[in-house]
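# Coordinate inspection notes
Each chain is listed here by its residues.
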Amino acid sequence: MVKHTNHKVKMPPTAGISTIRTLALAATGVAVGLFGVLLARRRPGNAEHTAPDLALDQPRPGSTGRAPEAFRPDPTAAVPASEREGLRPATGPVPTIVEPRGSMRSQIG
């Protein structure tokens, strides 16, 4: 005898949750990207000011040019106690990237 099996009728695929989620994430990514581009293109606020002496069309000072008198440091002035530590020379060991010879990590075997 021949066995008859019931064949199920296949329904056409519909948009599932994962497809909707993927489309929503893609739309969110596009929106965030556009926001980032617009944020990068906005002009600086009024808090910043331009430095006319640093403009590209201004002449560059040479090696003989000196700073204006008001901006020159006084080499004979006493160093305040709060700045002495920053001017003290470094006397510790020299930092290095390589382990010294003879240390366990640099030996093979």
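Located above this text is the structure these notes cover.
Residues numbered from 1 in each chain as written. Predicted model: local features only at pLDDT ≥ 70, side-chain atom pairs only at ≥ 80, totals over all residues. Heavy atoms only, no water.

The next subject is the overall build of the protein chain. What the protein chain contains, in helices and strands, is 2 helices and 0 strands. Relative to its 109 residues, the protein chain shows a buried fraction of 1%. For the protein chain, the accessible surface area stands at approximately 11800 Å², while carbon and sulfur atoms represent 62% of it. (Helix = DSSP H or I, 4+ residues; strand = E, 2+ residues; numbered from the N terminus. Buried < 20%, exposed > 50% of the residue type's maximum accessible area, 1.4 Å probe, protein only. Areas by Shrake-Rupley, 256 points an atom, 1.4 Å probe, with all protein chains shown as cover.)

So, about the pattern of salt bridges. Charged atoms that come close allow side chains of opposite charge to pair. Tallied over the entire structure, the rule returns 2 salt bridges. A salt bridge links Arg72 to Glu69, with the nearest nitrogen and oxygen atoms 3.0 Å apart. The salt bridge involving Glu85 is made with Arg88; its shortest N-O contact spans 3.1 Å. Judged by its relative accessible area of 51%, Glu85 is exposed. (Salt bridge = Lys/Arg side-chain N within 4 Å of Asp/Glu carboxyl O.)

This part takes up the environment of Val79. Relative to the elements of secondary structure, Val79 occurs in the loop between helix H1 (17-41) and helix H2 (81-87). With relative accessibility at 34%, the residue Val79 sits in the partly exposed group.

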